[in-house]
Amino acid sequence: MRHRHLSTLTLALGIAVLLDVLRVWLPSVITLFGRAAETPAELLGAFALGWFLLALAAPTLVRRIGAAPVGLVAAGVLAVARLALTAQPGGPAQLWLACAGLFAGLVWLAAVAASVPRPVAGLALGLAGNAVGHALLGTEDLVWRGGVLAWSLSALLVLAFLAASAAVRRERAAARVRGDAAGTAAPATDAADGDAGRSVSTPGRRAWLLCGPALLLAGQVALAPALWSAAAGTGSPDFPGLVRPGNGALPGALAVLLFLAAALFRAPARVARVLWPLALLAGSVLFVTGLLVPAYLLTAAGLGGCLALTDTTDDGPAAADGRGAAEPRAAATDERGADGGRAGARHGRAAVLGMLVFAVATVAYYAAYDLGYPNGWAPVATAVLVALVAATAPLRPGPTPSGAASAGPALPATVRVAALAGLTALAGLAAVLHVPPAQARATTTPAAVRVAAYNIRMGFGLDGRLDVDAVARELRGADVVLLSEVDRGWWLNGGHDTLALVAGRLGMPYVFAPAADPVWGDAVLSRFPMRSGQTRRLTAHGAPTGAQALGVTLDLGGRELAVVATHLQPPPGRDPVEQAGEVAAFAGRYANGRPLVLGGDLNTEPDDPAFAEFTRSGLVDALAAARPLRTSPADDPRTQIDHVFVSPGLTATEVRAPRTEASDHLPVTLTVTLP
């Protein structure tokens, strides 16, 4: 493998490893460093941003010591942290391992940027490869799985990354020796440290600046398998506005195809600099409005195309086929010029600044759910930045300073075609591996129904680990499950489709209704056929996080049972009285005389005014006989804020709130006997 192609492979593997660490670091910040409703959002944001601000010193470190030694050490720390996280340490160990891995990854990016001026192919393959792996795993990463398979695949990924990094180092050392023998490397060093490096724009700087924004837009929208899954179940006329189980891997494979085709194969420049930025902007706006399928398809194509616009190089015959006399000199200047020169330092600063944009946009988007400001501007603003940088890229590259690394040869067309076809096919394979549970058929009418209501905190336990098995264990045996804080692709939580993972383990189909945004809300799972449904968005009344009421009608073999799932969001310092009244009124209209079960995390206690709104509407507290039944916090229950109400005539027995730390709430289970 040629030196430049080996650098592309190393960058792709490193991006995949860094993304794995990010999928642990992001939720660890909010579940381990902070606790819901206790840690101020400003403190969480400052902690998160601090690591990226600290990494701003990395380019200076790289320039003084050299990209090769700094990059190799940082790659080693990143790899060790990634492998250590597979041990599922949980708690503070998980948080600090993830922090160490993140910081090492940022330093590694700065070092790689100093010596790889054409990162687009490596970035694109790393982003797409990680997304495809995430889809094949059903969005449950190897770091959360454990076991022989997880350790084997994790070790394989890490060893491949380290081996490729070491091979690149050897290739550069050998190229430097060849360059010294030919008398070409010394002038390169002089030029790199001279004024020429300041006066000429080097290729690749724009591409490195877009590294961070591209990671965000890919993880949040374009290449997010959980989003593919959430967008796939379009429902039916009987389920307006609701999402039923659907397999999004096939349209997700189209997103991978569009992204890689746009990134690796250039469209005519004058058309591309208009088409791709417009597609990216349109996709980001559609994501904010909730039109998920066109959102991620347009964003995928636009993001790949915008990256390609920054991939400036001379596309002559030598560059096109990967052969040319200039390559030995390029390799030599790579070692002495880019490793310590100003051109390499500028690339490194661009990469770290791009990752700072990633951090700021991520914090800004999700802090809105604590602070209460509109957050749709964050992904749109990120897309605007990417579009502007791409659209203003020169149609033809300027001259490369003698001190900067040469652009080097592009990936051969056969390699690009093979990568595109292989990753697209693997994304499609996920459709076969992960088939959603099918609707049950109506049978004889049961005398009783086992009900469970659970705020699952996106599947993260008190130890900060994603443990879907622990959640599923608490829900086994239930006929109807009402879930709160269901996550179907929040990048802040690692981009998992927690609902599909839980439903798959229980073998139960589901209906989902968004609350805070299109992929975060509430759900109903049922072993009985779900015939119709309706959702109502609740008025915020000053609460920063959105809320809704989800009504689903179950067919109990000739009889119907109405089920309503909700998660009330109280305004700061107040009881959610107004929302409780809205839900009670909605439930009465939706049930329309049918037996009714209503439950969820209501964020109110039995003596509070909001609780009285439900009993005033004629509903019966199904948990009254078992009180006190404290449900929060899970490690030291002091309050009962999770409730189930039933319509008169239904009888509740076997009420329990089993102790578990699979979430920060305890589940509530009961048997409802039909009249």
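Just above sits the structure.
Now for a look at the structure at hand.

Criteria and cut-off values
Residues numbered from 1 in each chain as written. Predicted model: local features only at pLDDT ≥ 70, side-chain atom pairs only at ≥ 80, totals over all residues. Heavy atoms only, no water. Axes fitted to C-alpha atoms, helices over the stretch in contact; angles between N-to-C directions. Helix = DSSP H or I, 4+ residues; strand = E, 2+ residues; numbered from the N terminus. Parallel < 35°, antiparallel > 145°, perpendicular 65-115°, else oblique. Left-handed = near helix turned anticlockwise from the far one by under 90°. Contact = heavy atoms within 4.5 Å. Nonpolar A, V, L, I, M, F, W, Y, C, P; charged D, E, K, R; others polar. Expected span 1.5 Å × (residues − 1). Buried < 20%, exposed > 50% of the residue type's maximum accessible area, 1.4 Å probe, protein only. Arc of directions from axis to C-beta. Polar contact = N/O pair within 3.5 Å; in protein donor to acceptor, adjacent residues only side chain to side chain. Pairing = 2+ DSSP bridges. Patch = residues over 30% accessible without salt bridge, like charges linked within 9 Å, V, L, I, M, F, W, Y side chains within 5 Å. Areas by Shrake-Rupley, 256 points an atom, 1.4 Å probe, with all protein chains shown as cover. Salt bridge = Lys/Arg side-chain N within 4 Å of Asp/Glu carboxyl O. Lys, Arg positive; Asp, Glu negative; His and termini not counted. Charge placed at Lys NZ, Arg CZ, Asp CG, Glu CD. Core = buried A, V, L, I, M, F, W, Y, C linked by side-chain atoms within 4.5 Å.

Attention now moves to the packing of helix α6 (residues 120-136) against helix α21 (residues 413-433). Packing of α6 against α21 leaves a shortest axis separation of 8 Å and a crossing angle of 20 degrees. With respect to each other, α6 and α21 are oriented roughly parallel. As α6 runs across α21, the sense of the crossing is left-handed. On α21, the residues that touch L125, A128, G129, V132, A135 and L136 of α6 are A419, L423, L426, A427, L429, A430 and L433. Taken together, the residues that form the contact of α6 with α21 break down as 12 nonpolar, one polar and no charged.

Once that is clear, we can look at α21. Here α21 contains 21 residues, and its C-alpha end-to-end distance of 30 Å stays within 8% of the 30 Å for a straight helix at 1.5 Å per residue. Along α21, the residues classified as buried are R416, A419, L420, L423, T424, A427, G428, A430 and A431. For α21, the buried positions fall inside an angular range of 150 degrees around the axis, keeping them on one side. Those residues of α21 that are exposed and angled more than 90 degrees off the buried face are T414, A425 and V432.

This part takes up the side chain of T604. Along the polypeptide, T604 turns up in the loop between β8 (596-601) and α25 (609-616). For T604, a relative accessible area of 1% gives the class buried. At 3.1 Å, the side chain of T604 forms a polar contact with the side chain of D575. Here T604 is in contact with D575, P576, A610, F611, Q640, I641 and H643, once residues within four sequence places are set aside.

Time to look at the pairing of strand β6 (residues 548-555). Along β6, eight of the eight residues are buried, which leaves the element largely enclosed by surrounding structure. Neither face of β6 is left uncovered, since the one carrying Q548, L550, V552 and L554 and the one carrying A549, G551, T553 and D555 both have all their residues buried. Sheet topology note: the strand β5 (residues 530-537)/β6 ladder contains seven bridges and is antiparallel. Its bridge partner lying in β6, T535 is registered against L550. Bridge count for β6 against strand β7 (residues 560-567) is seven bridges, and the pairing is antiparallel. Across the sheet, residue V552 finds its bridge partner in β7, namely V563. The hairpin turn running from β6 into β7, its antiparallel successor, is four residues long, and G557 in that turn takes a positive phi close to 75 degrees.

A word on a positive patch on the surface. Taken together, the side chains of R63, R64, R205 and R349 present a region of like positive charge at the surface. Residue placement: R205 occurs in helix α11 (residues 205-209).

As for its placement among the helices and strands, D575 is situated in the loop between β7 and α24 (577-591). Buried charge D575 goes without a salt bridge, the closest partner of opposite sign being R574 at 8.9 Å. Within the structure, D575 has its side chain in polar contact with the backbone nitrogen of A610 (distance 2.6 Å). Residues within four places of D575 in sequence aside, it is in contact with N603, T604, D608, P609 and A610.

Here we take up the sheet that holds β8. The pairing of strands in a sheet comes from backbone hydrogen bonds and takes either a parallel or an antiparallel form. Taken together, the six strands give an open sheet; going across it, the order is β5-β6-β7-β8-β10-β9, and neighbouring strands pair in mixed fashion. What marks the edges here is a single partner per strand, and that holds for β5 and β9 (620-621). Packed onto the sheet, α25 meets β8, β9 and β10 (642-646) and runs at close to 15 degrees relative to β10.

The next subject is unusual backbone geometry. In this structure, P628 follows R627 across a cis peptide bond, with omega equal to 5 degrees. Put simply, S632 and P633 share a cis peptide bond, and its omega is -10 degrees. Inspection of the secondary structure puts P633 in the loop between β9 and β10. You will see that T139, though not glycine, has its phi angle at about 75 degrees, which is positive. One can find T139 in the loop between α6 and α7 (142-145). The phi dihedral of N603 falls on the positive side, at around 50 degrees, and the residue is not glycine. Within the element layout of this structure, N603 appears in the loop between β8 and α25. Residue classification places N603 among the partly exposed positions, given a relative accessible area of 23%.

Pairing is mixed across the open sheet formed by six strands, whose spatial order is β3-β4-β2-β1-β12-β11. Looking at strand neighbours, the two that pair on one side only are β3 (510-517) and β11 (651-656), the edges of this open sheet. Direction aside, neighbouring strands of the sheet carry axes that sit 20 degrees apart on average. As paired elements, β11 and strand β12 (residues 668-673) share four bridges and run antiparallel to each other. Bridge assignment links T651 to a residue of β12, and that residue is T673. Here helix α22 (residues 468-475) sits on the sheet in contact with β1 (448-455), β2 (480-487) and β12, set at roughly 145 degrees to β1.

Tracing the chain through its elements places R594 in the loop between α24 and β8. Residues contacting R594, with those up to four places away along its chain left out, are T553, E560, A562 and S647. At 3.2 Å, the side chain of R594 and the side chain of E560 are in polar contact.

Moving on to the nonpolar core. Within the largest apolar cluster, 155 residues are counted, with the highest numbers of intra-cluster contacts made by W25, W208, F259, L260 and L525. Ignoring anything within four residues of it in the chain, the contact list for W25 reads A48, W51, F52, A98, C99 and L102. Counting 31 residues, the second largest nonpolar core, distinct from the first, contains V524, V563, V644 and L650.

On to the pairing of strand β4 (residues 520-526). For β4, a buried count of seven out of seven residues is recorded, marking the element as mostly surrounded by other parts of the structure. Bridging between β2 and β4 involves six bridges; their strand directions are antiparallel. Directly across from V480, in β4, lies its bridge partner S526.

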